[in-house]
Amino acid sequence: PTSMHVGSGSDGTEDSDSSAEREQTNSSESDGNIPKRTRLTRASLRLSQSSQGKLNVVPFLPPAHVDTPDVKQDESPPLTPTGNAPSSESELDISSPNVSHDESLAKDPALRDSDKDLSHRPKRRRCHETYNFNMKCPTPGCNSLGHLTGKHERHFAVSGCPLYHNLSADECKVKATTREKHEEEAKVQEESNRHATRHQTPTSRQTRYKEQVTEMRKGRNSGLSKEQKEKYMEHRQNHGNTREPLLENITSEYDLELFRKAQARASEDLERLRIQGQITEGSNMIKTILFGRYELDTWYHSPYPEEYARLGRLYVCEFCLKYMKSQTILRRHMAKCVWKHPPGDEVYRKGAISVFEVDGKKNKIYCQNLCLLAKLFLDHKTLYYDVEPFLFYVMTEADNTGCHLVGYFSKEKNSFLNYNVSCILTMPQYMRQGYGKMLIDFSYLLSKVEEKVGSPERPLSDLGLISYRSYWKEVLLRYMYNFQGKEISIKEISQETAVNPVDIVSTLQSLQMLKYWKGKHLVLKRQDLIDEWKSKETKRGSNNKTIDPSSLKWTPPKGT
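Residues numbered from 1 in each chain as written. Predicted model: local features only at pLDDT ≥ 70, side-chain atom pairs only at ≥ 80, totals over all residues. Heavy atoms only, no water.

**Student:** Talk me through the overall build of the chain; I want residue IDs and the actual numbers.
**Tutor:** Of the regular secondary structure elements, the chain holds 15 helices and 15 strands. Looking at the chain as a whole, 33% of its 560 residues are labelled buried. Of the contacts made within the chain by residues no fewer than 6 positions apart, 56% connect residues no fewer than 24 positions apart. (Helix = DSSP H or I, 4+ residues; strand = E, 2+ residues; numbered from the N terminus. Buried < 20%, exposed > 50% of the residue type's maximum accessible area, 1.4 Å probe, protein only. Contact = heavy atoms within 4.5 Å.)

**Student:** Kindly report on the pattern of salt bridges, identifying the contributing residues and their values.
**Tutor:** By the definition in use, this model includes 13 salt bridges. E537 is the partner of R478 in a salt bridge, and the nearest nitrogen-oxygen pair spans 4.0 Å. Here R478 is found in helix α12 (residues 462-482), whereas its partner E537 is found in helix α15 (residues 527-540), with 59 residues between them in sequence. (Salt bridge = Lys/Arg side-chain N within 4 Å of Asp/Glu carboxyl O.)

**Student:** Please give an account of the side chain of T139 that cites residues and values.
**Tutor:** Within the secondary structure, T139 is located in the loop between α3 (109-114) and α4 (169-192). Note on T139: relative accessible area 4%, which makes it buried. If we skip the residues at most four places from it in the chain, T139 touches V158, C161, L163, Y164, T242 and R243.

**Student:** Before we move on, could you go through helix α11 (residues 435-449) and cite the residues and values that matter?
**Tutor:** Between the first and last C-alpha of α11 there are 21 Å, a value that for 15 residues agrees with the 21 Å anticipated at 1.5 Å per step. Counting buried residues along α11, 11 of its 15 residues qualify, which places the element largely inside the surrounding structure. Turning to α11, its buried residues number three or more, namely Y435, G436, M438, L439, I440, F442, S443, Y444, L445, L446 and S447. Looking at the residues trailing α11, positive phi occurs at E451, about 60°. (Expected span 1.5 Å × (residues − 1).)

**Student:** Talk me through the packing of aromatic side chains; I want residue IDs and the actual numbers.
**Tutor:** One pass over the full model with this rule turns up 15 aromatic pairs. Seen in terms of ring centroids, Y209 and Y254 are 6.4 Å apart; in terms of plane orientation they differ by 70°. Their pairing is edge-to-face. Here Y254 lies in helix α7 (residues 253-275) and Y209 lies in helix α5 (residues 204-216), a separation of 45 residues in the sequence. For Y254, a relative accessible area of 19% gives the class buried. On the numbers, 6.3 Å between centres and 55° between planes, the contact of F409 with F442 is tilted. Here the residue F409 occupies a position in strand β10 (residues 402-412), and F442 occupies one in helix α11, the gap between them amounting to 33 residues. (Phe/Tyr/Trp six-rings, centres within 6.5 Å; stacked < 30°, edge-to-face > 60°.)

**Student:** Tell me about the nonpolar core, and name the residues and values.
**Tutor:** Counting 76 residues, the largest nonpolar core has I289, F291, L373, F392, M395, M427 and F442 as the members making the most contacts within it. A domain-level breakdown of this core finds at least three residues from each of domain 2 (282-339) and domain 3 (340-551). Those residues in contact with F291 that lie beyond four places of it in its chain are L296, V316, C317, E318, L321, L373, L405, M427 and Q429. (Core = buried A, V, L, I, M, F, W, Y, C linked by side-chain atoms within 4.5 Å. Domains from an automatic or database assignment.)

**Student:** Can you tell me about a negative patch on the surface, naming the residues and giving the values?
**Tutor:** A cluster of like negative charges, contributed by E180, E183, E184 and E185, occupies part of the molecular surface. Looking at the element boundaries, E180 is found in helix α4. (Patch = residues over 30% accessible without salt bridge, like charges linked within 9 Å, V, L, I, M, F, W, Y side chains within 5 Å. Areas by Shrake-Rupley, 256 points an atom, 1.4 Å probe, with all protein chains shown as cover. Lys, Arg positive; Asp, Glu negative; His and termini not counted. Charge placed at Lys NZ, Arg CZ, Asp CG, Glu CD.)

**Student:** Break down the pairing of strand β14 (residues 514-517) for me, with residues and values.
**Tutor:** Consecutive side chains of a regular strand alternate in pointing toward one face of the sheet and then the other. Of the strand pairs in this sheet, β14 and strand β15 (residues 520-523) are connected by 4 bridges, and their pairing is antiparallel. Pairing of L514 across the sheet is with V523, part of β15. In this structure, the hairpin formed by β14 and β15 is closed by a connection of 2 residues, where K518 is found at a positive phi of approximately 55°. (Pairing = 2+ DSSP bridges.)

**Student:** Lay out the UniProt feature "active site" (unreviewed entry) in the chain in plain terms, naming residues and giving numbers.
**Tutor:** The UniProt feature table records "active site" (unreviewed entry) at E457. Summarising the element assignment, E457 is placed in the loop between β13 (455-456) and α12. (UniProt positions renumbered as here; feature names shortened; annotations may be inferred.)

**Student:** Lay out the packing of helix α13 (residues 490-497) against helix α14 (residues 501-510) in plain terms, naming residues and giving numbers.
**Tutor:** Axis separation between α13 and α14 bottoms out at 9 Å; the angle between their running directions is 115°. By the angle class used here, α13 and α14 are roughly perpendicular. When you trace α13 past α14, the crossing you get is right-handed. Note on element contacts: α14 touches α13 through P501, I504, V505 and L508, opposite I490, I493, S494 and T497. Class assignment of the residues belonging to the contact of α13 with α14 gives a composition of 6 nonpolar, 2 polar and no charged. (Axes fitted to C-alpha atoms, helices over the stretch in contact; angles between N-to-C directions. Parallel < 35°, antiparallel > 145°, perpendicular 65-115°, else oblique. Left-handed = near helix turned anticlockwise from the far one by under 90°. Nonpolar A, V, L, I, M, F, W, Y, C, P; charged D, E, K, R; others polar.)

**Student:** An account of the environment of S447 is requested, with residue identities and associated values reported.
**Tutor:** Along the chain, the position of S447 falls in helix α11. Along the sequence, S447 and T497 sit 50 residues apart, while their C-alpha atoms lie 9.3 Å from each other. In contact with S447, other than residues within four places in its own chain, are N420, K452, G454 and A498. For S447, the side chain forms a polar contact with the side chain of N420, separated by 3.3 Å. (Polar contact = N/O pair within 3.5 Å; in protein donor to acceptor, adjacent residues only side chain to side chain.)

**Student:** Kindly report on the sheet that holds strand β4 (residues 294-297), identifying the contributing residues and their values.
**Tutor:** Read from one edge to the other, the open sheet built from 4 strands follows the order β4-β3-β5-β6, with strand pairing classed as mixed. Here the strands that pair on one side only, and so sit at the sheet edges, are β4 and β6 (323-324). When strand β5 (residues 313-316) meets β6, the two strands line up antiparallel, connected through 2 bridges. Opposite Y315, over in β6, you have M324 as the bridge partner.

**Student:** Requested: an account of the environment of V505, with residues and values cited.
**Tutor:** Checked against the element boundaries, V505 lands in helix α14. Given a relative accessible area of 27%, V505 falls into the partly exposed group. Sequence spacing of V505 and V523 is 18 residues, and the spatial spacing of their C-alpha atoms is 9.8 Å. Every residue in contact with V505, bar those within four places of it in the chain, is listed here: I490 and L514.

**Student:** Tell me about helix α10 (residues 364-375), and name the residues and values.
**Tutor:** For α10, which comprises 12 residues, the first-to-last C-alpha distance of 17 Å matches the rise-based estimate of 16 Å (1.5 Å per residue) to within 8%. With respect to burial, α10 is a largely interior element, 10 of its 12 residues being buried. Within α10, the full set of buried residues consists of Y366, C367, Q368, N369, L370, C371, L372, L373, A374 and K375.

**Student:** Any chance you could break down the sheet that holds strand β8 (residues 353-359) for me, citing the residues and the numbers?
**Tutor:** Two strands in a sheet stick together by hydrogen bonds in their backbones, pointing the same way (parallel) or opposite ways (antiparallel). Strand order in this open sheet of 5 strands is β7-β8-β9-β10-β12, and the pairing throughout is antiparallel. Because the sheet does not close on itself, it has two edges, and the strands there are β7 (345-350) and β12 (423-426). With strand direction ignored, the average angle separating the axes of adjacent strands in the sheet is 20°. Across 4 bridges, the pairing between β10 and β12 is antiparallel. By the bridge assignment, S410 is partnered in β12 with C423. Across the face of the sheet, α11 comes into contact with β7, β8, β9 (390-399), β10 and β12 while running at roughly 50° to β10.

**Student:** Would you mind going over a nonpolar patch on the surface in detail, with residue names and values included?
**Tutor:** Taken together, W299, Y300, L463 and I466 make up a surface patch of nonpolar side chains, about 400 Å² in accessible area. By secondary structure assignment, the location of L463 is in helix α12.

Structural data, given as structure tokens:
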């Protein structure tokens, strides 16, 4: 699947369809003086002709040489057709979005002749290290001075705000100095132990450090006193979510320091991305969404329209997946929304769990909204709008109010590589409850009905890879438990389970069950792993969430 990039283009008016640059040379050119260049746009030509009846050439000066303290200027730079600040003067092109700069020059001989010597013009560098002083930290009462890492003079996000973390700028600098000192000591120690043997006993220094950590961690579960609880509650009532909760005495000083170090490192990584230009101050990103009775924190950026993304909080109907700007609009929508389940055909039902097959061509808006919602929790997803070649299998859990979205996976109608999953997601409120494994199992059940061998499309997200590894391990151990023969074939396992042979081999290797001996590959039946799996299966009992093949009412779509 391909991604669609939506950028903000020109307005397409006549005043912004081309630009021109003129050059004038002084009479003293023979003395070695540099020619004076001027820039003239069609809009300024018309203004000059209408006001004075003749053509006036207005000199163009770079912004660095303009000194007009009495005139209030707009501090925001002009935008390029992609919506970003221009990196050089050559990007300040106001040509039509459908015509390149070279084409516009070719059409006008005067423009082509005047731009012959523009290659000699020095380009201005774009510096990402400059701060935008119009930006402010969103934490109430913060003046944007200092940084959690102790290495920067200003900050513009909560992740780098000392006040949000209940610290001062000076305290952050002291902590940064202490961390650097410890890191230098660790490097020296690592350098001295570089040539140590692999099985060497711990040094006296390591032993003392271990004892010290054990001693510091002894009182971490002692609990809070009454005064401390009152202090923490008062802090929460006064500041709410605008400040980090007080963390002292909740755990040991050693663990708290590890947490602070991780916070500072994450803040430093974000600051480095900002300096490199990959993150901009004030970039539009939805922080939270209200989805049914849940308020969910988002993980990644999703390309919702700008007027919605800049709000930071989105309100989504959990049945039709339409997104709105406010609680009032959502309440009015829910009062008249007739949807109580996803569109399409219900192909599976057992108890409260149902799966609906939704065609991206027949229900385009719903599938697009589903993809935009999924991108908030997936890093590698690139499909947003081109949903017509895909089928979406949406899993829901029903109660007396309707069928609530649990998760989904998408699948190409005609996959050349026999991928049975293009994108898979379990909603955050249903994670770690077995629903992800049910979705994976359902995708392989469809492959069995189609009499095909399936595999998920790569690359897999981190959570997706963990889920698939766990599923493949369970499938193989179950097969080994029921297998009674002496010779086993990877091909037979693949045909029975619908799992791709490549995935089977990689899983056997990770379980150390595949060996090469005397020119042959041997599959080792590790009884310890099988017994461990069987004991876990017994503990789960009847509450285990599994897919029942007899509850599937589905035939493969035509043409697949």
